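# Coordinate inspection notes
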Amino acid sequence: MSLLEIKNACLKLDNKNILNGVSLSINSGEVHAIMGPNGSGKSTLSYMLSGRDGYELESGEILLDGQSLSDMSADERARSGLFLAFQYPVELPGVGAMSFLREAVNSRRKFIGQEEFDHLAFVKEARKEASKMFVKDEMLKRAVNVGFSGGEKKKFEILQMAMLKPKVSILDETDSGLDVDALKIVSDGVNAQRSDDNAIVVITHYQRLLDYIVPDFVHILSEGVIIKSGGPELALEVEKNGYAGMINAA
Amino acid sequence: MLHNIKDNYITSVNNYIQNFDDKSFRKLAGKDFKSWPDPLEETWRLSRLGSLSRKKIEPISLDAQEPIMSKLNVVGSNTIKFINGAFRKDMSSNLPKGVSLIELNESESLTFLSKIKNSNLKNHPSANASLSCTPSIVKLSVDKNAKIEELLEIHFEGGVESSSVHPVLFVELNENSSLSIIERFNHIGSLIMPLQLIEIKDYASLNSIKVFDDSHESYNLAAHCIIMSHKSLLNSFSLIKGSQFTRSETHAYLNGTNAKLNLNGVYISGNKQHHDLTTAIYHNVEECISKQIVRGVLGGESTGVFQGKVKVAPNAQKTDGQQMSKAILISDKASANAKPELEIYADDVVCAHGATVGELDDDQLFYLNSRGISKDKARLILIKAFLLDIISESVEETLHDFIFNEAQSALSSILKNEIEEFV
């Protein structure tokens, strides 16, 4: 059974068709890349999967580990093991990064029947994970994403991923706004979490990220449908020839 | 009909002062107290005193029974008590060296009156009623060059149903002095009309926190006149949470160059509470800075008002005046009004204002939800953060927890009606 199954997903925004029957089957241990030009529906797909209000399916179905997500709110999906790393992580002034992390992690742990972390145990755990991502202690004392650089924001997203231990992670344009050094750290962070128990969906414009997070499968999304699927070589083809040729061929 | 009832309180105040000399400060103030502010008057339009003027209220008698002692825990190292509007030396602690507290005599009171009459509080009901009926005008003074380390706490308590209470305080910081005060208003069932004059001389600095937490049937009409001199500093933060109706009105005069004023406030309103922060900042000379952040959280059927005027005189070049107000409505029946007003007569100034009234931010809520945090919990986190943010910015670190707990207790009571999962 697939860990994440998207069946013929259709979605409209403001009466406009955005997703026109996306189907994907993602198994444990796999990394899938979804590539596509601007406006192809990549971000809509990630919001739809994570359950943002207003992004409900018109038709089709999504199953996480066999369970339908349709009637689940965003927070329920997250607690069930779905994670979205944001393209533009949101600033939360006044919300301390450490207490935010703890709230999130304990929500998930409680849901899956694990003991919640107490304050001290959590701080210890968070620092351990943070150091792996080169996230400074000082950053965890600040408000969530407030005053973080572009790189720090993305590192903090991946730190959350590491701590939440999701079944399926969707990384939305995680490479945007990153310099080469930060890209390497973030990618190493993601790669460290690849395992046989989870799956990762990387959404990106560019092939560059896929040099660092090497996917098992690459899918090309255009006008709300997947027009082509293949191995990592497909990303290189995009890099070489652009999307236009592929779209025309499809 | 309404007119006659309105006159009840005015008559009571006039009766109260009838035996005083015609030239006494009480009589002089009282003769200007002829009516309540007209609801059509621009600054009172959003905070009407209609329901107040329908009540039968008398100025509190000086031998009014004392309240059962309050449950106010003390946060400062020195506490000054005002009971029923009267300064109580017997209940107050000794003051630190460099601070004195006296009750003004008649001629000093007349000087005080003339200062108020020279300000835009001259027609404020609390200014006139309280000068007429106050037990005494109390002056708290900090000596020149005295830097007072200990926090000074002032409790205003007491109150008897259907009575008005009139604490009048004059805070004077002499040159190059500094002081931190926390004032707490905890009256029961009355009309409280605190009047304050705050004078900050050259190079002096004052940190001031006010917590308005009178009982839920009370009205508090606080009026403050602030006069700032060269290189003086005032950090002021008000938290309005109690009462049925509180309006804190402040007129700040920046009369010395390089004066700096931070005038921040928070109101937390629920049920049918009405909370109003009205301020006017007058930049009268060049190179002064005023910054203002006001935030409100409103639930139930409450209403909130922020009126903020910044007036820059023609010669007040290089003025920096910033004002930001934001209110969050957490129930459909709550409402908030914001009325920022800039009046600028100088050409080389930086002034900005912004006001928003709305709901919590969707992107922020979704971000929290996407991390497994429920909708209710996410709302709660964002509301707390909204307040914590300004509290940490406005209040000395040692008082963060105290003020945040004060805010939290008000939030708890308004949120438990709005948020199911409230913890």
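Residues numbered from 1 in each chain as written. Chains lettered and ligands numbered in written order. Predicted model: local features only at pLDDT ≥ 70, side-chain atom pairs only at ≥ 80, totals over all residues.

### Some remarks on the overall build of chain A
For clarity, the cut-off: The way it works is that DSSP assigns letters per residue, a run of H or I at least four long becomes a helix, a run of E at least two long becomes a strand, and they are numbered from the N terminus. Our radius of gyration is a C-alpha quantity, and the globule rule it is checked against amounts to 2.2 Å times the number of residues to the power 0.38. Here exposure depends only on C-beta density: within 10 Å of a residue's C-beta, 20 or more other C-beta atoms make it buried, 12 or fewer make it exposed, and intermediate numbers make it partly exposed, the C-beta atoms being placed from the backbone. Distance between backbone-placed C-beta atoms decides contact: two residues are in contact if it is within 7 Å.
Scanning chain A for helices and strands turns up nine helices and twelve strands. A globule of 250 residues ought to have a C-alpha radius of gyration of about 18 Å, and chain A, at 18 Å, matches this closely. Relative to its 250 residues, chain A shows a buried fraction of 44%. If you take every contact in chain A between residues at least 6 apart in sequence, the share linking residues at least 24 apart comes to 70%.

### Quick word on the sheet that holds strand 6 (residues 147-158) of chain B
Residue and element names in this part refer to chain B. The condition is simple: The pairing criterion is simple: DSSP has to find at least two bridges between the two strands. Think of each axis as a best-fit line through the C-alpha atoms, taken over the contacting stretch in the case of a helix, with angles from 0 to 180 degrees between the N-to-C directions.
The strand order across the open sheet formed by ten strands is 3-2-6-9-12-14-16-18-20-22, and the pairing between neighbours is mixed. Whereas interior strands pair on both sides, the edge strands pair on one side only; in this sheet they are strand 3 (86-88) and strand 22 (350-358). Sheet twist, expressed as the average angle between the axes of neighbouring strands with direction ignored, equals 10 degrees. Where strand 20 (residues 320-329) lies against strand 22, nine bridges are found, and the strand directions are parallel. From the neighbouring strand, lysine 326 faces strand 22, where its bridge partner is threonine 356. Lying over the sheet, helix 7 (residues 375-394) contacts strand 14 (233-240), strand 16 (260-269), strand 18 (289-298) and strand 20, oriented at roughly 155 degrees with respect to strand 18. Running at roughly 30 degrees to strand 16, helix 8 (residues 400-415) makes contact with strand 12 (205-212), strand 14, strand 16 and strand 18 of the sheet.

### Some remarks on the interface of chain A and chain B
At the interface, 19 residues of chain A touch 16 residues of chain B. Counting residues per element, the ones that place at least two in the side of chain A that touches chain B are helix 2 (74-80), strand 7 (92-96) and helix 3 (97-111) of chain A.

### Considering the nonpolar core
All names here are of chain B. Selection rule: Note on terminology: a nonpolar core is any set of buried Ala, Val, Leu, Ile, Met, Phe, Trp, Tyr and Cys residues joined through C-beta atoms within 7 Å.
In terms of nonpolar packing, the biggest core is built from 194 residues, with Met228 and Leu254 touching the most fellow members. Considering every element that reaches this core, the biggest residue donor is helix 7, with eleven residues. Residue contacts for leucine 254: discarding those within four places in its chain leaves Met228, Ala259, Leu261, Ile281, Tyr282, His283, Asn284, Val285, Cys288 and Ser290.

### Let's talk about helix 1 (residues 42-50) of chain A
A large share of helix 1 of chain A lies buried, amounting to eight of its nine residues. Residues of helix 1 of chain A that are buried include every one of Lys42, Thr44, Leu45, Ser46, Tyr47, Met48, Leu49 and Ser50 of chain A, and no others.

### A closer look at the packing of helix 7 of chain B against helix 8 of chain B
All names here are of chain B. Formally: For this classification, under 35 degrees means roughly parallel, over 145 means roughly antiparallel, 65 to 115 means roughly perpendicular, and everything else is oblique. Handedness of a crossing is defined here by the sense of rotation of the near helix relative to the far one, left-handed for an anticlockwise turn of less than a right angle and right-handed for a clockwise turn. Throughout, the ten residues Ala, Val, Leu, Ile, Met, Phe, Trp, Tyr, Cys and Pro are labelled nonpolar, Asp, Glu, Lys and Arg are labelled charged, and all others, Gly among them, are labelled polar.
In contact at an axis separation of 10 Å, helix 7 and helix 8 are set at 150 degrees when each is read in the N-to-C sense. Between helix 7 and helix 8, the angle falls in the class roughly antiparallel. Crossing of helix 7 over helix 8 shows right-handed handedness. Residues Leu380, Ile383, Leu387, Leu388, Ile391 and Ser392 of helix 7 form the contact with helix 8, whose participating residues are His400, Ile403, Phe404, Ala407, Leu411 and Leu415. Counted by class, the contact of helix 7 with helix 8 contains ten nonpolar, two polar and no charged residues.

### With respect to unusual backbone geometry
All names here are of chain B. Within the chain, asparagine 145 stands out as a residue other than glycine whose phi angle is a positive 65 degrees. Backbone geometry at serine 162 places phi at a positive 60 degrees, although glycine is not the residue there. As for its position among the elements, serine 162 is in the loop between strand 6 and strand 7 (163-165).

### Looking at the sheet that holds strand 2 (residues 16-26) of chain A
Residues and elements named next belong to chain A. Taken in spatial order, the four strands of this open sheet run 2-1-4-5, and their pairing is antiparallel. Both edges of this open sheet fall to strand 2 and strand 5 (67-68), since each of them pairs with a single strand only. Pairing of strand 1 (residues 4-13) with strand 4 (residues 59-64) involves five bridges; the strand directions are antiparallel. Its bridge partner lying in strand 4, leucine 4 is registered against leucine 64. Strand contacts of helix 1: strand 1, strand 2 and strand 4, with the helix running at about 70 degrees to strand 2, the strand carrying the most contacts.

### Observations regarding the confidence of the model for chain B
Caution applies to low-pLDDT regions: their predicted coordinates should not be interpreted in detail. Residues and elements named next belong to chain B. Applied cut-off: Within a predicted model, pLDDT stands for the predictor's per-residue confidence, ranging from 0 to 100.
Chain-level statistics for chain B give a pLDDT mean of 92 and a share of 95% at 70 or above. Predicted confidence for residues 1-6 stays below pLDDT 50, and this span has five contacts to residues more than four positions away or in other chains. Quick note on the complex model: pTM equals 0.87, ipTM equals 0.96.

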